[in-house]
Amino acid sequence: MMSKHRAEDHEDNDDIYVVETHSAPTSAPREAAARAVDLFKQYGEGDTAVTALDHVNVEFARNEFTAIMGPSGSGKSTLMHTMAGLDSSTSGSAFIGDTDLSTLNDKEMTNLRRDRLGFIFQSFNLVPTLTAAENITLPTDIADGKLDQDWFNEVTSRLGLTNRLTHRPAELSGGQQQRVACARALVSRPEIIFGDEPTGNLDSNSSKEVLNILRTAVDSDNQTVVIVTHDATAASYADRVIFLADGQIVNELRDPTIDKILATMTGIE
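Heads up: these notes are all about the structure in this document. (Residues numbered from 1 in each chain as written. Predicted model: local features only at pLDDT ≥ 70, side-chain atom pairs only at ≥ 80, totals over all residues. Heavy atoms only, no water.)

Take the nonpolar core next. Counting residues in each nonpolar core, the largest one holds 42 residues, and the members touching the most others are Phe65, Ile136 and Ile261. When residues in this core are grouped by element, the largest group, seven residues, is from helix α5 (residues 174-187). Counting residues in each nonpolar core, the second largest holds 26 residues, with Ala36, Leu79, Phe119 and Val226 among its members. (Core = buried A, V, L, I, M, F, W, Y, C linked by side-chain atoms within 4.5 Å. Buried < 20%, exposed > 50% of the residue type's maximum accessible area, 1.4 Å probe, protein only. Helix = DSSP H or I, 4+ residues; strand = E, 2+ residues; numbered from the N terminus.)

Right, here's the structure in full:
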């Protein structure tokens, strides 16, 4: 299958390289990189209780790009945060690979997030006093791990950051800051990359760059990507879109198009 999007020309002087790849068709289901089993999340108690996730069961396959969509308050961010170990569930289980997050203590959870997951947030979450290079290697440095310098060079070159590595976040555009965040997520080769509205603060050109980066990570680097988004264009880069409403999965699309996504969202809302 050809990757869904090719990088488009843009005005930024940094070059971003998107690799087109072919993957062999397979009839076997892919192994789950993450899964939720009867996941329930409630805020508050009694008359003021609010159900954010209503016994959700879902799998996110390895080497696949999944987008999570739904109306405001549908539970989409809660689902991602719970599955990424950023929030706890009231009951049920969230798994990364074969690891049940509900069985981990605080230290084990911190280690799992650091060593096995990558994160890209709407607000970039860069350390303002560190250079781009230092932000990219921060999780590896904190873990006292060994940096794969060749992979670091490839990632930063592919993302057009080679000439920006000594710059601090304040010296970078929003799109460049998000590319640094993408590089930080990619450089440790995590089992799964979670993105919470990763294009939410970006203009259309920068959004395309980030989405092409994520698409290429799946197609060329065998990565697994799961993002929450309200943007049909962003979701159209995914292999699969799941739709939430009132804390439950109500629909999903394979090989989504913008028109199909918009039609599905209209039906839900």
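That covers the picture; the talk isn't over yet.
This part is about the sheet that holds strand β5 (residues 99-100). Through backbone hydrogen bonds, the strands of a sheet pair up, either in parallel or in antiparallel fashion. With antiparallel pairing, the four strands of this open sheet are ordered in space as β2-β1-β4-β5. The open sheet is flanked by β2 (50-61) and β5, the only strands paired with a single partner. Pairing analysis gives eight bridges linking strand β1 (residues 32-43) to β2, with the strands arranged antiparallel. Within β2, the residue paired with Ala34 across the bridge is Phe60. Running at roughly 120° to β1, helix α1 (residues 76-83) makes contact with β1, β2 and β4 (91-96) of the sheet. (Pairing = 2+ DSSP bridges. Contact = heavy atoms within 4.5 Å. Axes fitted to C-alpha atoms, helices over the stretch in contact; angles between N-to-C directions.)

On to the packing of α5 against helix α6 (residues 204-221). As a packed pair, α5 and α6 sit with axes 9 Å apart at the nearest point and diverge in direction by 15°. Between α5 and α6, the interaxial angle falls into the category roughly parallel. Seen along the crossing, α5 lies across α6 with a hand that is right-handed. Contacts between α5 and α6 pair Gly175, Gln178, Arg179, Cys182 and Leu186 from the former with Ser206, Glu209, Val210, Ile213 and Ala217 from the latter. Each residue belonging to the contact of α5 with α6 can be placed in one class, and the counts come to five nonpolar, three polar and two charged. (Parallel < 35°, antiparallel > 145°, perpendicular 65-115°, else oblique. Left-handed = near helix turned anticlockwise from the far one by under 90°. Nonpolar A, V, L, I, M, F, W, Y, C, P; charged D, E, K, R; others polar.)

Across five bridges, the pairing between β1 and β4 is antiparallel. Bridge pairing links Ala36 to Ala94 in β4. What sits between β4 and β5 in their antiparallel hairpin is a turn of two residues, with Gly97 showing a positive phi close to 60°.

What the six strands build is an open sheet, ordered β6-β7-β8-β3-β9-β10; its pairing is mixed. Only two strands of the sheet have a single neighbouring strand rather than two, namely β6 (117-121) and β10 (248-254). Looking at each pair of strands side by side, their axes are set apart by 20° on average, direction ignored. As paired elements, strand β7 (residues 192-196) and strand β8 (residues 225-228) share four bridges and run parallel to each other. Residue pairing for β8: Ile193 is matched across the bridge by Val225. Against the sheet, α1 makes contact with β3 (65-69), β7, β8 and β9 (240-245), and its axis sits at roughly 150° relative to β7, the strand it touches most. Sheet contacts for α5: β6 and β7; angle to β6, the most-contacted strand, approximately 170°.

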